[in-house]
Amino acid sequence: MSEELLINISPMESRVAVLDNGILGEIYIERHHKLGLVGNIYLGTVVRVLPGMQAAFVDIGQSRTAFLHVNDMQREPRPVVEKNKAAKATKHEINEDDATANASADSLAVTPPIVSAQSTEIVPASKTLIQHRLHESQRILVQVTKDQLGSKGARLTTNISLPSRYLVYLPSSDHIGISQRIDGEEERSRLKTELSSLMQTVNLKGGLIARTAAERVPVDKLEEDIYYLLQLWRTICARRQEINHHQSSELIYQELSLPLRSIRDLVHADTEKVIIDNTQIYEQVRYFAKEFVPFVYDRIVHYTAEQSLFDVHRVEDDLRDALKRRVDLKSGGYLIIDQTEAMTTIDVNTGSFVGGRSLEDTVYKTNLEATHAIARQLRLRNLGGIIILDFIDMLEQQHKDDVLESLQAQLTQDYAKTKITQVSELGLVEMTRKRTRESLGQQLCEPCSTCQGRGFVKTAETVCFEIFREIMRCARTYNSPKKFTVVAHAAVIDLLLTTESDTVADLEYLLGRVITFDVENLYTQEQYDIVLD
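Residues numbered from 1 in each chain as written. Predicted model: local features only at pLDDT ≥ 70, side-chain atom pairs only at ≥ 80, totals over all residues. Heavy atoms only, no water.

Peer 1: Explain the overall build of the chain to me, please; I cannot follow it from the model alone.
Peer 2: For the chain, the count of helices and strands is 14 helices and 26 strands. Looking at the chain as a whole, 45% of its 533 residues qualify as buried. Counted over contacts in the chain with a minimum sequence separation of 6, partners at least 24 positions apart contribute 69%. Entry remark: accessible area of the chain is about 28500 Å², with carbon and sulfur atoms responsible for 50%. (Helix = DSSP H or I, 4+ residues; strand = E, 2+ residues; numbered from the N terminus. Buried < 20%, exposed > 50% of the residue type's maximum accessible area, 1.4 Å probe, protein only. Contact = heavy atoms within 4.5 Å. Areas by Shrake-Rupley, 256 points an atom, 1.4 Å probe, with all protein chains shown as cover.)

Following this line, the structure appears as structure tokens:
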């Protein structure tokens, strides 16, 4: 599969589009006045501790306080009775720089004290009550794992992680992990052995995770990454010590900008081109790539044509389609995608596709085609949380298995973590997809001012009947008015003067009062006023 990265820069925002064989697969948007927070490290202040939720709210300088759950706090080492000389030896082996960095971290409860494995017993954070670990006004070092979503504040963790091109450094862990996307057992073993050896060589305390990009990467490149991450962590610890204690919160480390982040995280061997339409960003990306991702350096292209880069590759059209509720399939079938507060539902329909041999065959082919479209839409719209897939009912178990296998195969290209259940008797598939930022719809749209996000409005007839009831209520309450004036939307007034004119006449006769009508074009169909004269 050929892949291209398109980086579009404007004074208002940065956008990165990932094209798979010329088709838009993912889109990342970062508004310059509202940068994402994921990956940022803050020195925050605990505002409130909630024992009943085993969570705390932390002020990190944003409009809403951020949320920290006890399960997102690093493990605490607890000394045991048995002590041995190995622990003392380990402490004496630390060089001066490492001792300074770890002392700074220890004061923030980020990195556990450096003791040997034999002298400590790890206690899971979930077994330690948060009220015994945090108190109000306490200052802690935290990292954002989820952006603010709607009315919810950002999600935090004290398990700091620092990513580079090939590795992720975990200062508060002692674990060496390998990306699940690296399949070969021999390669996984090689990476684990080499990382363990390098950590001992540079005396690196903490843990490491080898990212997917680390597959078949020579040891010297891994060593460069380790030195970069170690220096970055020392800088963060030093920055922490410089912070004024009178400040309630402070940004310690800010994640890379979207263009540089996309080069670090999205580029791989199959990436044929990185096309950038801004001269300044083009130079920055080339410099960054030369230092950290040299294999892509010659694939970076500066786009200088007059026509918009996204227009040339039909990205703008695909973006408009990604905001629609309906997604058409090539066969004539279609998907209906509804996103709610609790979950997202995707309904598969045959539409105009009639198939050839039998109904079961038609349904089977439509569902198979739908799995490709669903996987693409999940990535493109960045839909997360609980997702219910309503496939068309299939009778044969083999067809159900094939559809599920096809869906799982398509989702292997997704960077977000997903989990899928089996096809139920009703043809439903429940799945989850990790959500770290707003969906495309949440990022680009807001609730409709007319329907308040419901997706529909009351009919003109319904509003007419409400007006009749309100007039009756006013007539019983107020005896003095001699005339009622109804101010409403044009569609409502038209219905009152035509279809409902007999009802209006009967009401006037019953009340003994005149009813007049005024059109207000600024009103929505549900809005109306009754003026008493």
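Peer 1: What exactly am I supposed to notice about the packing of aromatic side chains here?
Peer 2: Counted according to the given criterion, the structure contains four aromatic pairs. Ring centres of Phe57 and Phe67 lie 5.8 Å apart, and the angle between their planes is 65°; on these two criteria the pair is classed as edge-to-face. A residue pair is termed long-range when its members are at least 10 positions apart, and Phe57 in strand E5 (residues 55-59) and Phe67 in strand E6 (residues 66-69) qualify at ten residues. Among the residues examined, Phe57 registers a relative accessible area of 25% and is labelled partly exposed. Ring pairs connect the aromatic residues Tyr228, Phe288 and Phe292, which therefore count as one cluster. Residue placement shows Arg326 over the ring face of Tyr334; its charged tip is 3.8 Å from the ring centre. (Phe/Tyr/Trp six-rings, centres within 6.5 Å; stacked < 30°, edge-to-face > 60°. Lys NZ or Arg CZ within 6 Å of the ring centre and 35° of its normal.)

Peer 1: Explain the pattern of salt bridges to me, please; I cannot follow it from the model alone.
Peer 2: Between side chains of opposite charge, a pair can form when the charged atoms approach closely. For the coordinates displayed, the defined rule picks out 25 salt bridges. Among the salt bridges present, the one from Glu526 reaches Arg454, with a minimum N-O distance of 2.6 Å. Placement of the pair is Glu526 in the loop between strand E25 (514-519) and strand E26 (528-532) and Arg454 in the loop between helix H11 (440-444) and helix H12 (460-477), with a sequence separation of 72 residues. A relative accessible area of 39% means that Arg454 is categorised as partly exposed. Salt bridges sharing common partners tie together Glu13, Arg15, Arg31 and Glu316. (Salt bridge = Lys/Arg side-chain N within 4 Å of Asp/Glu carboxyl O.)

Peer 1: I'm lost on the sheet that holds E25 in this one. Help?
Peer 2: Neighbouring strands of a sheet are bound in pairs by backbone hydrogen bonds; such pairs are parallel or else antiparallel. Within the open sheet, the three strands sit side by side as E25-E24-E26. Their pairing is mixed. The sheet terminates laterally at E25 and E26, the two strands that pair on one side only. Sheet twist, expressed as the mean angle between neighbouring strand axes with direction ignored, is 20°. Bridging between strand E24 (residues 483-488) and E25 involves six bridges; their strand directions are parallel. Counterpart to Lys483 in the pairing with E25 is Val514. (Pairing = 2+ DSSP bridges. Axes fitted to C-alpha atoms, helices over the stretch in contact; angles between N-to-C directions.)

Peer 1: What exactly am I supposed to notice about the side chain of Gln54 here?
Peer 2: Turning to its location among the elements, Gln54 is positioned in the loop between strand E4 (41-50) and E5. Judged by relative accessible area, Gln54 falls into the buried class, the value being 16%. A polar contact is formed between the side chain of Gln54 and the backbone oxygen of Pro51, at a distance of 3.0 Å. (Polar contact = N/O pair within 3.5 Å; in protein donor to acceptor, adjacent residues only side chain to side chain.)

Peer 1: Looking at this structure, how should I read unusual backbone geometry?
Peer 2: Phi is mostly negative for residues that are not glycine, and the peptide bonds are mostly trans. Of note, the phi angle at Gln54 is positive, near 50°, even though the residue is not glycine. For Asn382, which is not a glycine, the phi torsion comes out positive at approximately 55°. Relative to the elements of secondary structure, Asn382 occurs in the loop between helix H9 (359-381) and strand E21 (385-390).

Peer 1: For this particular structure, what's the right way to read the sheet that holds strand E16 (residues 271-276)?
Peer 2: A sheet is described by the order of its strands in space; here five strands give the open sequence E3-E2-E1-E16-E17, paired in mixed fashion. Where the open sheet ends on each side, the last strands, each with one partner, are strand E3 (23-31) and strand E17 (300-302). Pairs of neighbouring strands in the sheet enclose a mean axial angle of 20°, with direction left out of account. Strand direction decides the pairing type here: E16 and E17, joined by three bridges, are parallel. Within the sheet, the bridge partner assigned to Ile276 lies in E17 and is His302.

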